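# Examination of the molecular architecture
This is what each chain is made of:
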Amino acid sequence: MLETSWDAIVIGAGAAGLMAAIRAAERGRRTLLLEKNRRSGVKILMSGGTRCNLTHATDNRGIVEAFGPPGRFLHSALARLSVQDTIDFFEAEGVATKVEETGKIFPVSNKAADVLDALLARLHRSGAVLALAEPVREMSKAEQGLCIVTPLRNLHAAHVILTTGGKSYPGSGTTGDGYGFAAQFGHTIVTPRPALAPITVTVPWIKDLMGVTLPQVVVRVLEAGSSAATRTPSRCGSALICSQRSRTPSWRNTCGTSRLLRARSNWQACSQRTCLGASATQS
Ligand SMILES: Cc1cc2nc3c(=O)[nH]c(=O)nc-3n(C[C@H](O)[C@H](O)[C@H](O)COP(=O)(O)OP(=O)(O)OC[C@H]3O[C@@H](n4cnc5c(N)ncnc54)[C@H](O)[C@@H]3O)c2cc1C
């Protein structure tokens, strides 16, 4: 087995990993970016209904406030890479951006692929090495730095950056590996719970609405057997109608139903005109 030593190894080539590897390499570190999938940035391509909203037209404080009370942890990251820095980063890579009515900032091309291409171009220029289809299986402490085992080789790194994403959408590569690695090195893991959950519906007419974003949708949780008139917790926000891999149309809620999901297992999605029976799954 080939054994190689790096200044920095970044695990997971999603948005976070690509940015981390670019930054490390641009700071002169010999950087290896390991990705379990055969391609990088799978979720970038899915996000924003495949248009990828890059950021939001607000200042750093606005981002923190939108996150709610735990958003305080974002201050230090935003101090290093502000909303404007993010826009400037992509504009400099040739991705022209636009602000939509909702405040979301998208590439003018409406193509998430342009966002990913920009990151990959910058990664290439940075000198970082990207290794695809190479999952990290094990990590352990070395005398100095860390040892990493993949199915192809044993590696050593002075520094490791974990950007393995969460546990949602396991088909995209995020199977929660990072939690185990982080816990192994003494980090406390807050039990993950769904934050963005699709609602799968089977009514045939919804296929005609594929790709449509409804700006204001109310999602209300109902107890099994209760009527729609029963007052239960609800959230309001935008919803994107898109297809699942199974080709079943789903109503993908983007308005923070996670707290509702924790509370109830049976729920319904209600717009002003429509009320659909729905089942909840993790996104
Ligand atoms: C359908 C969908 C729509 C979305 N829409 C929006 C949106 O409109 N706006 C928005 O802001 N966000 C949206 N998101 C969320 C956004 O895409 C994610 O928050 C973001 O891409 C997460 O980036 P990340 O780099 O942290 O993690 P990920 O993109 O999940 O990347 C983690 C990477 O680590 C890799 N990995 C995992 N384990 C290992 C291992 N052991 N070894 C090597 N590699 C490993 C994975 O394969 C993956 O490539 C959406 C997500 C989905 C699924």
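Keep in mind the model is a prediction, meaning the values are calculated, not measured.

Residues other than glycine seldom take positive phi values, yet T50 does so here, at roughly 70°. Note that T50 resides in the loop between α2 (42-46) and β3 (55-56). Phi at C52 takes a positive value of approximately 60°, unusual for a residue other than glycine. Position of C52 among the secondary structure elements: in the loop between α2 and β3.

So, about the nonpolar core. I9, V10, A21 and V115 are the most contacted members of the largest nonpolar core, which has 37 residues in total. Listing elements by their share of this core, those giving two or more residues are β1 (2-11), α1 (15-26), β2 (31-34), β5 (104-107), α6 (112-126) and β9 (153-162). Ranked by residues supplied to this core, first place goes to α1 with seven residues. Leave out the neighbours within four places in its chain, and I9 touches L32, L34, I148, L155, A157 and V160.

Turning next to the site of the ligand. The local shell around the ligand holds 28 residues, among which G12, G14, A16, G165 and G173 are the closest. Mapped by element, the contributors of at least two residues to the shell around the ligand are α1 and α2. With four residues, the single largest contributor to the shell around the ligand is α2. Taken together, the residues that form the shell around the ligand break down as eleven nonpolar, 13 polar and four charged.

The next subject is α1. Compared with the 16 Å implied by 1.5 Å per residue over twelve residues, the 17 Å span of α1 between its first and last C-alpha is a close match. Every buried residue of α1 is accounted for by A15, G17, L18, A20, A21, I22, A24 and A25. Following α1 by one or two positions, G28 adopts a phi angle in the positive range, close to 90°.

What follows is about the environment of N60. Residue position: N60 is located in helix α3 (residues 60-67). Classification of N60 as partly exposed rests on a count of 17 C-beta atoms within 10 Å. Note: C-alpha distance between N60 and Q84 (24 residues apart in sequence) is 8.9 Å. Beyond its immediate sequence surroundings of up to four residues, N60 is in contact with L78, S82 and V83.

Of the residues in the protein chain, 84% reach a pLDDT of 70 or more, and the chain-wide mean stands at 83. Under a pLDDT of 50 for its full length, residues 245-251 has, in the predicted model, 22 contacts with residues more than four places off or in other chains. Long-range and interchain partners of residues 253-283, a stretch whose pLDDT sits below 50, account for 83 contacts in this model, where long-range means more than four residues apart.

Let us look at the packing of α1 against α6. Contact geometry for α1 and α6: axes closest at 9 Å, N-to-C directions at 25°. One element, α1, and the other, α6, form an angle in the roughly parallel class. Where α1 crosses over α6, the two elements pack in a sense that is left-handed. Here L18, A21, I22, A25 and E26 of α1 come into contact with α6, specifically with L119, R122, L123 and S126. A breakdown of the residues in the contact of α1 with α6 according to their chemical character gives six nonpolar, one polar and two charged.

Rules used in this analysis
- Residues numbered from 1 in each chain as written.
- Predicted model: local features only at pLDDT ≥ 70, side-chain atom pairs only at ≥ 80, totals over all residues.
- Helix = DSSP H or I, 4+ residues; strand = E, 2+ residues; numbered from the N terminus.
- Core = buried A, V, L, I, M, F, W, Y, C linked by C-beta atoms within 7 Å.
- Buried ≥ 20, exposed ≤ 12 C-beta atoms within 10 Å, placed from the backbone.
- Contact = placed C-beta atoms within 7 Å.
- Near = placed C-beta within 6 Å.
- Nonpolar A, V, L, I, M, F, W, Y, C, P; charged D, E, K, R; others polar.
- Expected span 1.5 Å × (residues − 1).
- pLDDT = per-residue confidence, 0-100.
- Axes fitted to C-alpha atoms, helices over the stretch in contact; angles between N-to-C directions.
- Parallel < 35°, antiparallel > 145°, perpendicular 65-115°, else oblique.
- Left-handed = near helix turned anticlockwise from the far one by under 90°.

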